[in-house]
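Remarks on the overall topology
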Amino acid sequence: MSKMMSEEMKANLAMIEERKDFIVCNKEDKDKKIKCDAHSAAGAVSQRACVYCGARVVLNPITDAVHLVHGPIGCASYTFDIRGSLSSGSEEYRNSYSTDLREHDIIFGGERKLTAAIDEIVEAKKPKLIFVYSTCVVGVIGDDLKAVCKAAEEKYGIRIIPVESSGFVGSKSAGYKAAGDAILKILELDGNKKEEKYGINFLGDFNLAGEMWIIKSYLEHIGVDVVSHFSGDSDYEKIKNAPNAIMNVVQCAGSMTSLAKKMEDKYEIPFTKVSFFGLEDIRVSLRSIAYSLGDFDMITKVEEFVKVKEKETDEKLEYYRKRLAGKKVAIYVGGGFKAISLIKQFRDLGITPVMVGSQTGRPEEYDTIRKLADEDTVILDDANPSELEKFMREKGADILVGGVKERPLAYKLGVAFVDHNHARKHPLAGYEGCINFAKEVDLTVNSPVWGIIKGERHGVEHELSGSIRSLDLEEQVIANEK
Ligand code: SF4
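Residues numbered from 1 in each chain as written. Predicted model: local features only at pLDDT ≥ 70, side-chain atom pairs only at ≥ 80, totals over all residues. Heavy atoms only, no water.

**Focus on the environment of His70**
You can see His70 is positioned in strand β2 (residues 66-70). The exposure class of His70 is buried, given its relative accessible area of 0%. For the pair His70 and Asp100, spaced 30 residues apart in the sequence, the C-alpha separation amounts to 7.2 Å. In this view, His70 contacts Thr99, Leu101, Gly110, Leu114, Val132, Tyr133, Ser134, Thr135, Val138, Asp143 and Leu145; residues no more than four positions away in its chain are not counted. (Helix = DSSP H or I, 4+ residues; strand = E, 2+ residues; numbered from the N terminus. Buried < 20%, exposed > 50% of the residue type's maximum accessible area, 1.4 Å probe, protein only. Contact = heavy atoms within 4.5 Å.)

As structure tokens, this is what we get:
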């Protein structure tokens, strides 16, 4: 295969006209505002997830809830198996239920089937809480989810919440809002409001590989009571206590800001945004929580804690910094707030971000990204595989950090990949996470497989194109070890 890309391949990487406002080069386009928080351009093959997926991402870690998907079986393929969320209690959330709508139901309506599914689940599982998700086809045929759920609630005396998440009605962000509204409904209908407010709620951690437990241990160490947390390792009873908190601490800003704003209006709980990814953001977040609570002892404890933990972590990171200095990374993640943390975290390891993008970033987040990024960094919102490929090639990225949908693209391009999404099984938050992150970046980018692909080992001059051939990383590593 020729080392040069064919003209046809280059043409395939061209951007469509409607996408041009969503992409900026930090320096060349310094007077141009990036377009974001908008519908995907038709035909652009967006990497974004659908509304239902956005809602399910947020609600699925509620461990004792039954998650019933009203739609064709394909929508229900989103299950615990593709999530790393852990539970300290119920394991019910590991199951996925579907009404399995077929052609007949789509023609004659699926409400009876939904009622029957709820009856069967209540009899078999005796749950206290059921979420019923609508999907694309339900939005099209117009099943009345609210009426079915209300009738079932009255019949069984349990909470059954319809989640309006038909895939086509917006983007993943609309799903986040639908999930936030579902949680708010629990607070409104069942909230355990007490006389005295205390502690914080932690919003937007999904307890991937126990990350909520790590963060909670830090908060407990500095003397912060965690009243409730959504949605990682949360359950119906814990969620109900949320109106009693003094403050909401929001980590996944993309999914939880809307709920935090509504809780501020309704329960007068102010919120602050934090991130526990990377040394700098952990430090800033712990300080921000302590200062916001106005507790002098807590502020002192934060300073002592941060000093000890940063020293310990820094010493371990030094090994990786030497091995990673000079590499280039392309970042494409779900939310803008996470992208901001990642820019700082990669910089700390000596790695330069050359492309930064997100599925659901907001204007203020892109403003921060532009301030942090180098002048020739490409910044893009709601990208598609063709654009990611184009800019990764142009900028010579050594690593792509993203989620499950980006992994095959990286491997097809012969580029290292770091998973920073919900599928992972190891924590990346907290000080432990900083070391895990550096280790993962080192393992992937310094893997011998990339040398084999580029022919460095065998003197073969070839380049594999994403459009032409995919690579199995594990096979390549095993082959190299032999
Ligand atoms: S809700 Fe619609 S877009 Fe989402 S998975 Fe189901 S069919 Fe696909």
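Next, the rest of the story.
**Some remarks on the packing of aromatic side chains**
As enumerated under the stated definition, the model contains nine aromatic pairs in all. Aromatic ring contacts, followed pair by pair, group Tyr218, Phe305 and Tyr431 into a single cluster. Over the ring of Tyr133 we find Arg56, and its NZ or CZ is 5.4 Å from the ring centre. A cation over a ring is seen here: Lys240 above Tyr236, with NZ or CZ 4.5 Å from the ring centre. (Phe/Tyr/Trp six-rings, centres within 6.5 Å; stacked < 30°, edge-to-face > 60°. Lys NZ or Arg CZ within 6 Å of the ring centre and 35° of its normal.)

**Focus on the pattern of salt bridges**
Counted by the stated rule, this structure contains 33 salt bridges. A salt bridge links Asp190 to Arg159; its shortest N-O distance comes to 2.8 Å. Of this pair, Asp190 sits in helix α7 (residues 172-190) while Arg159 sits in strand β5 (residues 159-163); the two residues are 31 residues apart in sequence, bridging distant segments of the chain. The exposure class of Asp190 is buried, given its relative accessible area of 16%. Here Arg407 ties to Asp419 by a salt bridge, and the two come within 3.5 Å at their closest N and O atoms. In this pair, Arg407 is assigned in helix α16 (residues 407-412) and Asp419 in strand β14 (residues 416-419), connecting sequence segments 12 residues apart. Note on Arg407: relative accessible area 31%, which makes it partly exposed. (Salt bridge = Lys/Arg side-chain N within 4 Å of Asp/Glu carboxyl O.)

**Quick word on the sheet that holds strand β10 (residues 328-333)**
Pairing is mixed across the open sheet formed by six strands, whose spatial order is β1-β12-β11-β10-β13-β14. Of all the strands in the sheet, the pair left with one neighbour each is β1 (23-25) and β14. Sheet twist, expressed as the mean angle between neighbouring strand axes with direction ignored, is 15°. With six bridges joining them, β10 and strand β11 (residues 352-358) adopt parallel strand pairing. Paired with Val329 across the strands is Pro353, a residue of β11. Against the sheet, helix α13 (residues 336-348) touches β10, β11 and β13 (399-402), its axis set at about 165° to β10. Strand contacts of helix α17 (residues 430-445): β13 and β14, with the helix running at about 155° to β14, the strand carrying the most contacts. (Pairing = 2+ DSSP bridges. Axes fitted to C-alpha atoms, helices over the stretch in contact; angles between N-to-C directions.)

**Here's the deal with the environment of Lys113**
On the secondary structure map, Lys113 appears in helix α4 (residues 111-125). Along the sequence, Lys113 and Leu101 sit 12 residues apart, while their C-alpha atoms lie 8.1 Å from each other. When sequence neighbours within four positions are dropped, the list of residues in contact with Lys113 reads Thr99, Asp100, Leu101, Arg102 and Asp105.

**Things to note about the pairing of β13**
Because side chains alternate across β13, one face comprises the buried residues Ile399 and Val401, and the other comprises Leu400 and Gly402, equally buried. Strand direction decides the pairing type here: β10 and β13, joined by three bridges, are parallel. Across the sheet, the residue bridging to Ala330 is Leu400, located in β13. Bridging between β13 and β14 involves four bridges; their strand directions are parallel. Counterpart to Ile399 in the pairing with β14 is Ala416.

**What to know about the pairing of β2**
Burial runs high along β2: five of the five residues are buried. Burial along β2 is two-sided: the residues Val66, Leu68 and His70 and His67 and Val69 are all buried. Pairing geometry for β2 and strand β4 (residues 129-134), over five bridges, is parallel. The partner of Val69 across the bridge, within β4, is Tyr133. Strand direction decides the pairing type here: β2 and strand β3 (residues 97-98), joined by two bridges, are parallel. Bridge pairing links Leu68 to Tyr97 in β3.

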